[in-house]
Amino acid sequence: MSSLREAQKQLTRDTIVERALELFTTKGYAATTIDEIASAAGTTRVTFYAYYPSRTDLMREFMDRVNSFLDRASGPDSTSTATDLVDVVREGEPAGIRAWLESRAALWPVFRPYLDVLDEAAAVDPEVRAMLDAWHEEVISDLVRGMEQAGRFPEETHHVRGSLAYTQLDYVATLWTRRKLEPNREHAIDVLADSWYHLLCDE
């Protein structure tokens, strides 16, 4: 019986998150009310708050889902949040970099909407901004770790190289989601992979 109850709870949680994502995407984060989310999810305001005591808690759930889609650990306490990314940078092979970028690009339609809402929420919620900034640093730290393990480039340049590589990836990804533009994906990945190789691997 408890397993059925847990399944029902998870269904309610999933429904709230999915309806919230739809509303935030169409109406905007600030313009969407808790009552609207609860109504769209077929539940009540009281039930919403039982699962998510605040909008910030809902944003934490969004971030957890992004990490889940990307097979990333949930926080900075682990040795690495994405060992496959560290490995790709350490190995420094153009084909490996392109394959990793392509695998992430295939997931853009799934996880980018969550990141876009988080970015919008961060503009009005300092807690979400801190959470998102920490997540960005986790990604950058994986790029840095790969360069460190390879003994590549002066250490003082690692963070700026990782920051530039992450910013490039983030920008290209937004062309496919928030801005609703669709450049030729193969060309975009080719250019991005070439840039990453020179930034992170080609010493």
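Scoring rules and cut-offs
- Residues numbered from 1 in each chain as written.
- Predicted model: local features only at pLDDT ≥ 70, side-chain atom pairs only at ≥ 80, totals over all residues.
- Heavy atoms only, no water.
- Core = buried A, V, L, I, M, F, W, Y, C linked by side-chain atoms within 4.5 Å.
- Buried < 20%, exposed > 50% of the residue type's maximum accessible area, 1.4 Å probe, protein only.
- Helix = DSSP H or I, 4+ residues; strand = E, 2+ residues; numbered from the N terminus.
- Contact = heavy atoms within 4.5 Å.
- Axes fitted to C-alpha atoms, helices over the stretch in contact; angles between N-to-C directions.
- Left-handed = near helix turned anticlockwise from the far one by under 90°.

## Examining the nonpolar core
Ranked by internal contacts, the top residues of the largest apolar core, which has 58 residues, are L58, M59, F62 and W196. For this core, the element with the most residues is helix α8 (residues 126–150), which contributes nine residues. Residues in contact with F62, not counting those within four places in the same chain, are V17, A20, L21, F24, Y114, V117 and L118.

## Quick word on the packing of helix α1 (residues 2–27) against helix α7 (residues 108–122)
Between α1 and α7, the least distance of the axes is 10 Å, while the angle of their chain directions is 65 degrees. You can see that α1 and α7 cross each other, and the crossing is left-handed. Contacts between α1 and α7 pair V17, L21, F24 and T25 from the former with P113, Y114, V117 and E120 from the latter.

## Some words on the environment of F24
Mapped onto the elements of the fold, F24 is located in helix α1. Owing to a relative accessible area of 1%, F24 belongs among the buried residues under this scheme. In the structure, F24 is positioned 92 residues away from D116 in sequence and 9.5 Å away in space, judged by C-alpha atoms. In this view, F24 contacts Y29, T32, I37, R55, L58, M59, F62, V117 and E120; residues no more than four positions away in its chain are not counted.

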